[in-house]
Every structure is written in C-alpha cells, then in structure tokens.
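Take a look at the letters that make up each chain.
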Amino acid sequence: MPVRLIAHIPSTLGPKEHLCLIGFTEAVPKNMARVPVIASHLENAFNTVYKSWRDTALLLQRQPTAQLAHLSTMSTYASDFGLMLAWLKVVKDLAAAPEQTCVACSDPWLYRALSLLDGLSSAPAPSLSRKRLQYFCRGVLARLWVTSRCFSALVRTRRHKECSIQANWLMVYGHPESTADGNDAYFSNLLNDIPALQRIMHTDCDASFALTLAKGKRTYSLHAWGRVRTILKLPFAKWHPDTQHLEPKIAWLVKRAAAIEGSGGSAAMTKWQMSCQASWLRETQPKSVSWPWENHPWERHFVRQTRKLGVNTFGYQHTVVGRHMFNQGADANVDGINSLPDKILLNGPCYRDDLASRGVPQDMMEEIGSHRIGGKKLPRYGKEGVVFLALSNNPVFAMQMIDAARPLACSGMQFLIKDHPLSPYSFEDSPHFTHTQLPLEQLPPLRALIYCTGTTGLEGLLAQIPTIRFIPNSGIALDILPQSMQVTSVAASELAATMEKLPVIEIMNSEKLFPPPNVEKWRALFSPT
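Residues numbered from 1 in each chain as written. Predicted model: local features only at pLDDT ≥ 70, side-chain atom pairs only at ≥ 80, totals over all residues. Heavy atoms only, no water.

Some remarks on empty space enclosed by the protein
Spelled out, the test is: For each structure, a 1 Å grid was placed over the protein atoms alone; sets of points admitting a 1.4 Å probe that cannot get out are labelled cavities, open sets with protein on both sides within 12 Å along at least five of seven lines are labelled pockets, and lining residues have an atom within 4 Å of a point. Grid points are joined across faces, edges and corners, and a volume is the space filled by probe spheres set on the points. When residues are sorted by character, Ala, Val, Leu, Ile, Met, Phe, Trp, Tyr, Cys and Pro go into the nonpolar class, Asp, Glu, Lys and Arg into the charged class, and all the rest, Gly among them, into the polar class.
Tallying each qualifying case throughout the model produces one cavity of 30 Å³ or more. The calculated volume of the largest cavity comes to roughly 40 Å³. Every residue along the wall of the largest cavity is listed here: Leu-68, Arg-143, Ala-237, Lys-238, Trp-239, Glu-261, Gly-262, Gly-264 and Ala-267. Partitioned by chemical class, the residues of the lining of the largest cavity number four nonpolar, two polar and three charged.

Put into structure tokens, the structure is as follows:
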C-alpha cells in the first residue's frame, strides 16, 4: 500500500518513505524525509472542496438545530470542516501516487475518515472517548458561562427597551474602537452624518461597554429584549446533526465538527442573539436596519424575520469577500436569496464579481464606499526599505512565519514584525529582526510586505508594495483577496528565493477600488420614502 496510516509520530521511516504529519506540533528529527511542499498541496486541495462542503451544508441546513452551527453555514473562519475535506483529498492523492508515504494523524475523527480511503493500510485508531469527554465537559461549562453572562446583561440593560419606535437603525458588534459620541468602528461617522439614525448593539457586546456607548443617548443593547425563558434553554443549546444519510467519510467529519462546536458556547450565543433580535423587531417595528453583513446564521434568521414584518434591510460589506469566504453568498443558503438582505452595500467594485459568482444578483448589490479599507492608512513603498512581517492571528501560523523569516534577516534585509492586535504573539528580537507596534501608515518605507491572514496583504497591494502571502503547512490561510487581485503565495521553503526576486509591483488606484463612503447614498437609503 502506498500510504501507511498511524496515530503517532514514527521513530523511523522506510528506506523510500516520506512523512506527512496531521495534527502534531512536536518537532521531528531533521533526517526524516517529509512530503515536499505539503503546504501547497493542502491549499490546492482546499481550493477544490467548495462543492462538497456546500452540498453537505445544504443537506444539514434542513435539520432542526442547524441554524446554531457554523459548518452548516459554511463559515470558514469558524469551522475547519474545509480543512478536513482538504486533508482527505491530500491523503487520497498520496495513496494514488507511486511514492511510499507514512501519514501520522492525531485527530481521532479524521483518522477514521482517512482509514476509509482506498490504497492505504491503517493501524488502530486513536481513542475517541477522551476527546469526547473533554469536549463535553468544556461545552457544559462554556454554556453555563454564556447563560450567566446573558442573564446579567439582560438585567443590567433592561432600561434600554425605552427606545424609539419605527426608527432607522444600525446594528453593530461591540468593537472597542466605537465611541459614545457617535463614531462607529464599522460605519465611521454615519450616526453623526444622519442624526435620526439609532444604534443597537449585537449581543456579542459586553453589557458594560453597551452602557458606556449608551451615554450618547442613541445606542441601545439587544440584551434588553431577551427573555428569561430563553435564558433557561441556553445550557442545552447545541447542534445535533443527523449523519445517517451522509457518506461515511463525511459523517465522521460532521461528527467531529459537532463535537468541537459543542465544546464552546457559540450555539448558545447564537440562540440568544436570535431570540433578542426577534423580540426587538416585534416591539420596535424598525423601518430599516443596516449591519456589517457576513451571512452568519443569526443574519439569515434576522432577514427571514424582517421579511415577514416588512422591514428594509441593508447588509454592509464592511470588510472582505475573497475566494475562501464560502459562506458569503446565496448558494450557501438553503433558501437562496430569500435570506439575503434587500440590498448588499459594497465597499467598492472589487468584490462584486466574487459575490456574483456565489449567486448574489447584480441588482441586489450597490457600491456605497469603504469606511475601513484604503483611505490614508496605507503603508509606503521604498526600494531600499525594510521588510514588514505581519503575523497571523493564528499562533501556529505566526510561529511558522517567524521560523521561515528570521534566518533571512541581515544588515541588507532588516525585518519589522507586528503581531495581530487581538492575538498578541511573543517572540525574542534578534539582530535586524525586531518587533513594532506602529500602525501601517507610520511604518518606515517598505521594500516588501509578508502576510498570512487578514487584510494587511490587501493594504500592501493597494499601496503598490511587493506583497507575499505566506502559506502555512498545517492549516489554511484564508485568502481574502478579490478575484481581480493576484498575489505571490509561498511556503516556508520558498520564501528565501522569493525575497531574492520580489514580485513585480502592480499599479492600483486605491481610491477607485475602495472609494470613500458616499453619505448621500446612505441618506437616500434611510429616507422616509
């Protein structure tokens, strides 16, 4: 058999055998031959899984508790189901190749799915019982914590129900950059530009922060519309998928996803959000609502509710919709465009084609300008400048980036490294390889920008800086770039050669691609007519 599947890191390999690790973070002896450029193999496989994930998701969405899950709504940020499908394809391809490969997999569910592939021999699978018990106990504690948090928020914000009826609203997350004076991290100064607008805070917003924002007299918390009877159901809020009609390999991966999602409190929070927003809609009868649209489960539920009540909905595409953002489209919804907002407001022309390819009708989209991307917050290019390394918010990816880039640092190639603001990553500075906390626009001139996840790469391209996308070898760095923008993607072993011959700069007009917000269009959307 070309592939030997085991549940541990082997002490030795066969004479012509290569090693492929799945789920292990331990170091292996350098004399062990690894499958070459596994990062590229994994990403190429991930690029093929969309249809398989969508077909599984649409089937699961018809089940009762699917609206509480991330897998069934194809959320690549919140579910690694796509990564598991990619590993299935990678190992299937290895099994079809003439070379001998030892695949060491620590994940008990994925292991069982892999063992069903043709062309491999498998040792006994790792135990499921310990993982199941660990996830179960963690899930119980997480849901109890969510329950107590939501009850406290309900009590503390109960006076927020004294708000305007039949008003126009912005519904937003509790971003720390939002302020009580009307500035909003997602909609910038729109509350002050349109004084009749009100702001309602999503239940992800802590009650203390919501009360602080409410000092501006036009901000309220959705927690206030919660129900005690819903509170009592939160400890039991979980996704319970029925896998009996799924292909056995897929069934194992769905069971894995259910166990992982059940180990946290996201299902309980989604249930609470849905309950609060339904009560808020009935009691306040808003005319129109706009929010940062990403097609999450609560958003689909929200749109279905507003359609019944005749409320106008505007989903603002506040950030990015790249090729790996599988959930942001009509074809990821079991009811198609019926759970999309009346209008999807684009931050520019860049992502129109991406959304159209996901089944969003052209006449449902309108370009309205960007509050968050572009503008004057871009870095500067300098041919002899430093190299900027923007670390991923994933600590494993960040470690791989540092390990790949640090050996390249020298007097002729100095590196500035910045960790993600919401996911700090500690590392030791070394000569020509130093940490920075400066914002992009305050950095010294850059000769190149290396990123992995997030929007920093997009900003590098807009600033006409040679930009390199780092591909990790143990996961997927979600590509958020529009179809119209291309970037050089490299694995760790390819980085040195790429730095010797940097990508050619492409001329871009950032203001045309991400124009400033059109306040007059916003006013027209919220006009009384």
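Some details on the packing of helix α10 (residues 266–284) against helix α11 (residues 297–309)
The test is simple: Axes here refer to lines fitted to C-alpha atoms; in helices the fit is confined to the stretch in contact. Angles between the N-to-C directions go from 0 to 180 degrees. In this description a helix means any DSSP run of H or I spanning at least four residues, a strand means any run of E spanning at least two, and both kinds are numbered starting from the N terminus. Throughout, the term roughly parallel applies to angles under 35 degrees, roughly antiparallel to angles over 145, roughly perpendicular to angles from 65 to 115, and oblique to all others. Crossing handedness is defined as follows: a turn of the near helix away from the far one that is anticlockwise and smaller than a right angle gives a left-handed crossing, while the clockwise case is right-handed. The contact definition used throughout considers only heavy atoms, calling two residues in contact when any of these lie within 4.5 Å.
Interaxial distance between α10 and α11 falls to 10 Å at its minimum, and their mutual angle equals 20 degrees. Considering their axes alone, α10 and α11 lie roughly parallel with respect to each other. Between α10 and α11 lies a crossing of right-handed hand. Contacts from Thr-270, Gln-273, Met-274, Gln-277, Ala-278, Trp-280, Leu-281 and Arg-282 of α10 reach α11 at Pro-297, Trp-298, His-301, Phe-302, Gln-305, Thr-306 and Leu-309. Among the residues forming the contact of α10 with α11, the class breakdown is eight nonpolar, six polar and one charged.

Some points on the sheet that holds strand β4 (residues 120–122)
We count it as follows: In this analysis, strands are considered paired if DSSP registers two or more bridges between them.
Sheet architecture is open: four strands sit in the order β2-β3-β1-β4, paired in parallel fashion. Strands with a single pairing partner mark the edges of an open sheet, and in this sheet they are β2 (17–22) and β4. When strand polarity is set aside, the average angle formed by the axes of neighbouring strands in this sheet is 20 degrees. Note that strand β1 (residues 3–6) and β4 share three bridges and pair parallel. In the sheet register, Leu-5 faces β4, and the bridge partner there is Ser-122. The strands touched by helix α3 (residues 81–96) within the sheet are β1, β2, β3 (100–105) and β4, with β2 carrying the most contacts at an inclination of about 170 degrees.

With respect to the environment of Arg-323
Put simply, the rule is: Throughout this description, a polar contact denotes any pair of N or O atoms lying within 3.5 Å of each other; where both atoms belong to protein, one of them has to be capable of donating a hydrogen while the other can accept it, and for residues adjacent in sequence the pair is counted only when both atoms sit in side chains.
You can see Arg-323 is positioned in the loop between β9 (312–316) and β10 (343–346). Sequence-wise, Arg-323 and Leu-481 are 158 residues apart; in three dimensions their C-alpha atoms are separated by 7.1 Å. Once residues lying within four places of it in the same chain are set aside, the contact partners of Arg-323 are Glu-43, Asn-47, Asp-354, Arg-358, Arg-469, Asp-479 and Leu-481. Of the polar contacts made by the side chain of Arg-323, one reaches the side chain of Asp-479; its length is 2.6 Å.

What about helix α1 (residues 38–46)?
Threshold: For every residue, the accessible area (1.4 Å probe, protein chains only) is compared with the maximum for its type, and the residue is labelled buried under 20%, exposed over 50%, or partly exposed between those bounds.
Counted residue by residue, α1 has seven buried out of nine residues, so it is predominantly covered. In this fold, the buried residues of α1 make contact with β2, α3 and β16 (467–470).

Section: the packing of aromatic side chains
Put simply, the test is: When two rings of Phe, Tyr or Trp (its six-membered ring) have centres within 6.5 Å they constitute a pair, described as stacked for plane angles under 30 degrees, edge-to-face for angles over 60, and tilted for the intermediate range. To sit over a ring, a charge needs its Lys NZ or Arg CZ within 6 Å of the ring centre and within 35 degrees of the ring normal.
Taken as a whole and judged by the stated rule, the model has 19 aromatic pairs. Measuring from ring centre to ring centre gives 5.6 Å for Trp-53 and Phe-81, while their planes differ by 70 degrees; the resulting arrangement is edge-to-face. Taken together, the residues span a long stretch of sequence, with Trp-53 in helix α2 (residues 50–60) and Phe-81 in helix α3 at a distance of 28 residues. In textbook terms, an aromatic cluster arises when at least three aromatic residues are bridged by ring pairs, as seen for Phe-46, Tyr-50, Trp-53, Phe-81 and Phe-326. Sitting over the face of the ring of Trp-252, Arg-112 holds its NZ or CZ atom 5.9 Å from the ring centroid. Positioned above the aromatic ring of Tyr-50 is the side chain of Arg-358, whose terminal nitrogen or guanidinium carbon lies 4.3 Å from the ring centre.

Some thoughts on unusual backbone geometry
With a phi close to 55 degrees, Gln-166 is a non-glycine residue in the positive phi region. If you trace the backbone, Gln-166 turns up in the loop between α5 (129–156) and β5 (168–172). Classification of Gln-166 as partly exposed rests on a relative accessible area of 44%. Unusually for a residue other than glycine, His-432 sits at a positive phi of about 70 degrees.

Observations regarding the pattern of salt bridges
Selection rule: Salt bridge, as used here: a side-chain nitrogen of Lys or Arg that lies within 4 Å of a carboxyl oxygen of Asp or Glu.
Applying the stated criterion across every chain, the model contains 18 salt bridges. The closest approach of N and O atoms between Arg-469 and Glu-43, which form a salt bridge, is 2.7 Å. Here Arg-469 is found in strand β16, whereas its partner Glu-43 is found in helix α1, with 426 residues between them in sequence. The pair Arg-469 / Glu-43 is uniform in exposure class, with both members buried. One network of salt bridges, with partners in common, ties together Glu-43, Arg-323, Arg-469 and Asp-479.

Considering the sheet that holds β10
In a beta sheet, neighbouring strands pair by backbone hydrogen bonds and run either parallel or antiparallel. Sheet architecture is open: seven strands sit in the order β7-β6-β5-β8-β9-β10-β11, paired in parallel fashion. Each having just a single partner strand, β7 (219–221) and β11 (365–367) make up the two edges of the open sheet. On average, adjacent strands in this sheet sit at an angle of 25 degrees to one another, irrespective of strand direction. Here β5 runs beside strand β6 (residues 198–201); their pairing, made up of four bridges, is parallel. Its bridge partner lying in β6, Met-171 is registered against Ile-200. Where α11 meets the sheet, it contacts β5, β8 (288–292) and β9, and its direction lies at approximately 170 degrees from that of β8.

Thoughts on the side chain of Ser-339
Mapped onto the secondary structure, Ser-339 falls in the loop between β9 and β10. When its relative accessible area of 1% is taken as the criterion, Ser-339 is described as buried. A polar contact is formed between the side chain of Ser-339 and the side chain of Asn-333, at a distance of 2.8 Å. Apart from the residues within four sequence positions on either side, Ser-339 is in contact with Asn-295, Arg-300, Val-303, Arg-304, Arg-307 and Asn-333.

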